[in-house]
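Listed below, chain by chain, are the residues.
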Amino acid sequence: MKSDKVILSGKGVTKIFGFGSNKTVAVDHVDFSFREGEVISIVGESGSGKTTLAKILLGLLKQTEGEIYFDGQLRDIRSHSKKKAYWQNIQAIFQDPFSSYNVFRKIDAVLLDCIRMRGGGRLPYDKKREMMREACSFVNLKFDELTNKYPFELSGGQQQRLMIARIFLLKPKILLADEPTSMIDACSRATILDMLMDLRNEVGMTPIFITHDIGLAYYVSDTVYIMEHGKFVESGSADAVILHPKKQYTQRLLSDVPKLHEEWDLSTV
Amino acid sequence: MKLMLKQVFGSGKFVIGFVIFLAILLTVVIYPIFVPDAPLKIISRGTFLSPGIYVNLYDSIDSATRYTLITDDAEARRVAGRLSDEDRAKMREWLIGNGVDEAEIDGADTAQLLDLWELNFDPTVRLPGMTNADRNYYIRLTASLEGLLSTEGATIASTNPETGALEQSDIVNQTDYVHVNEVANSRLFILGTDNFGRDVLTELISATGVSLTIGFVAGIVATSIGLVLGLVSGYVGGMVDQVIVFIMNLFTVIPTFVLLILISFSIGQESRGAFTIAVVIGLTSWVWTSRAVRAQVISLRNRDHVNLSKLSGHSIAYILAMDILPYIASYVVMALILQISSGILAEAGLSILGLGPRTTEVPTLGLMLNWAMIYQAHILNKWWAYLPIILVIALISFSMNLMNTGLDQVFNPALRD
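No experiment lies behind these values; they were computed from the predicted model shown.

Undergrad: Quick question: what am I supposed to make of the overall build of chain B here?
TA: For chain B, the count of helices and strands is 16 helices and six strands. Over its C-alpha trace chain B gives a radius of gyration of 33 Å, far above what one expects of a compact globule, namely 22 Å for 417 residues. By its C-alpha atoms, chain B is 105 × 55 × 55 Å across when sized along the principal axes. Burial statistics for chain B: of 417 residues in total, 31% are counted as buried.

Pasting the structure below:
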């Protein structure tokens, strides 16, 4: 699954919001290289710049400084068609499923968008339905019950599964999952994660998890990046970083993971 | 959608405003079907005929049947109609001034007053301080008193075509009546006539229609410009935003109404049609809509559903139309209603100053107020020439603001009770 081919890398990526005294450095000279097929986690507390970095990687925000290379080449997303081509390769799952959908558009429209994005806009409608049905059954949803419904009529877990169905149809090379399970209850969480890992095996993509949950990172990832105040303070294989943390920040993140059978250490909070 | 309509029509304020507005709109549409007169047709000589029924005198003489009614107070009314209390007081004043004993005059007894008058009145005598106009008034009054207490009927005579002599053809008794419906020509002026002798009601309803159209055109022009500029500047951001915000600030600083006056003045009377005025009003009043829309778009553009739409490869135009516009649609509708209402008010304000649409084609509410003002209806106490118009303007404005408040309460969670 893992290969040595670098699919997405960045050099000195920086994002600064505001000017002068209001200046906030959200992402501070970050270097990274993500290899094709590996599962990556970017872990950090709230406000450490994870989501900003994710938006830069997605091309939704423009970095202030630095270069991003996609597939070995400098990323070029200056025109709409180039952006569209880029987004065929990189897609995202957002944190809050309840605000991720346009409340005025039906589920069919959301899924049809994905088929069109993959160049299937001119397929006969029966074929499109077949594709949507397949995608929905992959995430244990029944398309016939969803058709002509609005996303907000589903539960949070179902909405997030629908989001995965979207990715199933799109089959991107990279998936950025920005805290995909933080708004979902613990039971659905494992289901969602398993589905994402299944999907990874199915379409052979590179998932990047953005999370504050170091436990989740350990559970799924090959490589972990620890982010603090916009900088990567530690990175390496999941085992190396989480079992033998070198930085105090990583240790703190680890000690913040809730444990059932020990007393909870709240001193660092 | 259905739920939203149900919510909207569940709001009492909206429903009241909507009903008033609909009533005005229906009147504008239906009235011309029943009264097809041209609204600016001059149908009376003389100005400011007061509201009421006007019966053709000639036709009432020729009316098919005459009815005799015996009423006790007919004579008293007839006398009162020709000799008012004011006239009696003036006569009394003259008589006292010319040495008649005050105790001798009984103002209520018409016969006695007339006898005294006939005995004493001399048109050549002038009281101290009496003007020529007063003298003429007394002479006119004396002439009109002739035959006041007569019980004889009026003789109608026609010219014999052969001899040229007058021949009596008919006598109209004091107890003769005709049925109004049997008179061939009678006309009801519910709101009288205006200074040009035009039916105020017909004119008012036509003017309401024209003013509403001006309001709609102005509102739609203003809202479209405001919407497009607000959407583009809020969503695109950067340099485009800077330029558009600069233009917005420019228009905010210039007082709109002054700009409106200058533009309509420079267009000139000849090319100022109702439509032109509407467009000019629209072109000067978009700025608040665009500011509000921009603010709302800025808060929407970083939402996840917009990001998802971007990731689905949609173009800017598609995202603006499908992912942003529906979220601010309720606000835009409210802004449109206010723009229509303020468009009507702006037209009225402009027309009162004489800068409204040219006066030869269509009446507007503002123009009617302008005419009433120029011909001093308010000084002459001709209320029907301006009061109904003010009421209609107030009613339109009121209904639209009520609808707006109702919508606001439905769509703004902070205002819900």
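Undergrad: How should I be thinking about the overall build of chain A in this particular structure?
TA: Broken down by element type, chain A carries 11 helices and 10 strands. The C-alpha atoms of chain A give a radius of gyration of 19 Å, which matches the 18 Å a tight globule of 269 residues would have. Expressed along its principal axes, the backbone C-alpha trace of chain A runs to roughly 55 × 50 × 40 Å. Counting across all 269 residues of chain A, residues that qualify as buried make up 39%.

Undergrad: Help me understand the domain arrangement of chain B, please; the structure alone is not making it clear to me.
TA: Bring the parts together and some accessible area is lost; that lost area is often taken as the interface size. If you check the domain split of chain B, you get domain 1 (2-44 + 195-415) and domain 2 (74-144). If you average the C-alpha positions of domain 1 of chain B and of domain 2 of chain B, the two centres end up 59 Å apart.

Undergrad: Honestly, the sheet that holds strand 5 (residues 73-74) of chain A in this entry has me stumped. Any pointers?
TA: Whenever strands of a sheet pair, they do so through backbone hydrogen bonds, lying parallel or antiparallel. Residue and element names in this part refer to chain A. Ordered by their spatial adjacency, four strands build an open sheet running 2-1-4-5, and the pairing between neighbours is antiparallel. The two strands at the open ends of the sheet, each matched to only one other strand, are strand 2 (24-35) and strand 5. Two strands pair when backbone bridges link them, and strand 1 (residues 6-17) and strand 2 are joined in this way by eight bridges, in the antiparallel orientation. Residue pairing in the sheet places Val6 in a bridge with Arg35 of strand 2.

Undergrad: So what exactly am I meant to see when it comes to helix 5 (residues 125-138) of chain A here?
TA: Note: α-helices contain 3.6 residues per turn, so residues at a spacing of three or four share the same orientation. All names here are of chain A. Here helix 5 is 14 residues long and its end C-alpha atoms lie 20 Å apart, about the 20 Å a rise of 1.5 Å per residue gives. Residues of helix 5 that are buried: Met131, Met132, Ala135 and Cys136. In an axial view of helix 5, the angular spread of the buried residues amounts to 130°, which keeps them on one side of the axis. Projecting away from the buried face of helix 5 at angles above 90 degrees are the exposed residues Asp126 and Lys127.

Undergrad: Please explain the interface of chain B and chain A as it appears in this structure.
TA: Counting from both sides, the interface comprises 14 residues of chain B and, opposite them, 17 residues of chain A. Broken down by secondary-structure element, the contributors of at least two residues to the side of chain B that touches chain A are helix 13 (304-311) and helix 14 (316-352) of chain B. Ranked by residues supplied to the side of chain B that touches chain A, first place goes to helix 13 of chain B with seven residues. When the residues that make up the side of chain B that touches chain A are grouped by side-chain class, the tally is four nonpolar, six polar and four charged.

Undergrad: Teacher, can you tell me more about the packing of helix 4 (residues 107-117) of chain A against helix 5 of chain A here?
TA: In a packed pair of helices, the relevant descriptors are the angle between the two axes and the axis-to-axis distance. All names here are of chain A. Contact geometry for helix 4 and helix 5: axes closest at 10 Å, N-to-C directions at 110°. As the angle between them shows, helix 4 and helix 5 are arranged roughly perpendicular. Across the interface between the two elements, Leu111, Leu112 and Ile115 of helix 4 pack against Lys128, Met131, Met132 and Ala135 of helix 5. In the contact of helix 4 with helix 5, the residues fall into six nonpolar, no polar and one charged.

Undergrad: What am I meant to see in the packing of helix 2 (residues 12-34) of chain B against helix 16 (residues 387-411) of chain B here?
TA: Residues and elements named next belong to chain B. For the pair helix 2 and helix 16, the least separation of the axes is 7 Å and the interaxial angle reads 145°. The interaxial crossing formed by helix 2 with helix 16 has left-handed handedness. Residue-level inspection shows Lys13, Phe14, Ile16, Gly17, Phe18, Ile20, Phe21 and Ile24 of helix 2 in contact with helix 16, the latter providing Leu395, Ile396, Ser399, Met400, Leu402, Met403, Thr405, Gly406, Leu407 and Gln409. Looking at the contact of helix 2 with helix 16, its residues break down into 12 nonpolar, five polar and one charged.

Undergrad: Just to check I follow, could you spell out the sheet that holds strand 6 (residues 90-93) of chain A for this structure?
TA: All names here are of chain A. Spatially, six strands are ordered 6-7-8-3-9-10 in an open sheet, and the strand pairing comes out mixed. The open sheet has two edge strands with one neighbour each: strand 6 and strand 10 (231-237). Recorded for the sheet is a direction-independent mean angle of 20° between the axes of neighbouring strands. Where strand 9 (residues 223-228) and strand 10 come together, six bridges link them in antiparallel fashion. In the strand pairing of strand 10, Ile226 is matched with Glu234.

Undergrad: Help me understand unusual backbone geometry in this model?
TA: Leaving glycine aside, a negative phi is the common case for residues, and trans is the common case for peptide bonds. One non-glycine residue, Asn140 of chain A, adopts positive backbone phi at about 60°. In this structure, His229 of chain A is a non-glycine residue whose phi angle is positive, near 45°.

Undergrad: What am I meant to see in the nonpolar core here?
TA: In globular proteins that are soluble, nonpolar side chains generally tend to be buried together. All names here are of chain A. If you look at the biggest cluster of nonpolar residues, it comprises 72 residues, and the most contacted ones within it are Val43, Leu111, Ile164, Ala165, Leu176 and Ile208. The element contributing the most residues to this core is helix 7 (residues 156-170), with eight residues. With residues up to four places along the chain from it excluded, the contact list for Leu176 reads Ala54, Leu57, Leu58, Ile90, Ala92, Ile208 and Ile210.

Undergrad: Any chance you could explain the confidence of the model for chain A here in plain terms?
TA: Detailed reading of predicted coordinates is not advised where the pLDDT is low. Of all residues in chain A, 96% have pLDDT values of 70 or greater, and the mean over the chain is 86. Ranking the helices and strands of chain A by mean pLDDT puts strand 6 of chain A first, with 92, and helix 11 (residues 248-255) of chain A last, with 81.

Undergrad: I'm lost on the environment of Met183 of chain A in this one. Help?
TA: Residues and elements named next belong to chain A. Examined against the element boundaries, Met183 turns out to sit in the loop between strand 7 (174-178) and helix 8 (186-203). Residue classification places Met183 among the partly exposed positions, given that 19 C-beta atoms sit within 10 Å. Taking the C-alpha atoms as reference points, Met183 and Gln95, separated by 88 residues in sequence, lie 6.8 Å from one another. Look past the residues within four positions of Met183 in its chain and what remains in contact with it is Gln95, Asp96, Pro97 and Gly156.

Undergrad: Got a minute to help me understand the environment of Tyr177 of chain B in this structure?
TA: Residues and elements named next belong to chain B. Topologically, Tyr177 is positioned in strand 5 (residues 176-177). The exposure class of Tyr177 is partly exposed, given the 15 C-beta atoms found within 10 Å. Along the backbone, Tyr177 and Glu203 are 26 residues apart, and their C-alpha atoms lie at a distance of 33 Å. For Tyr177, the contacting residues outside a window of four places in its chain are Arg66, Tyr67 and Leu69.

Undergrad: Quick question: what am I supposed to make of the pairing of strand 6 of chain A here?
TA: Two faces make up the sheet, and in a regular strand the side chains alternate between them. All names here are of chain A. Along strand 6, one buried face is formed by Ile90 and Ala92 and the opposite face, lined by Gln91 and Ile93, is buried too. Inspection of the sheet shows strand 6 paired to strand 7 by four bridges, in the parallel sense. Counterpart to Gln91 in the pairing with strand 7 is Leu175.

Calculation criteria
Residues numbered from 1 in each chain as written. Chains lettered and ligands numbered in written order. Predicted model: local features only at pLDDT ≥ 70, side-chain atom pairs only at ≥ 80, totals over all residues. Helix = DSSP H or I, 4+ residues; strand = E, 2+ residues; numbered from the N terminus. Rg over C-alpha atoms; globule rule 2.2 N^0.38 Å. Buried ≥ 20, exposed ≤ 12 C-beta atoms within 10 Å, placed from the backbone. Domains from an automatic or database assignment. Pairing = 2+ DSSP bridges. Expected span 1.5 Å × (residues − 1). Arc of directions from axis to C-beta. Contact = placed C-beta atoms within 7 Å. Nonpolar A, V, L, I, M, F, W, Y, C, P; charged D, E, K, R; others polar. Axes fitted to C-alpha atoms, helices over the stretch in contact; angles between N-to-C directions. Parallel < 35°, antiparallel > 145°, perpendicular 65-115°, else oblique. Left-handed = near helix turned anticlockwise from the far one by under 90°. Core = buried A, V, L, I, M, F, W, Y, C linked by C-beta atoms within 7 Å. pLDDT = per-residue confidence, 0-100.

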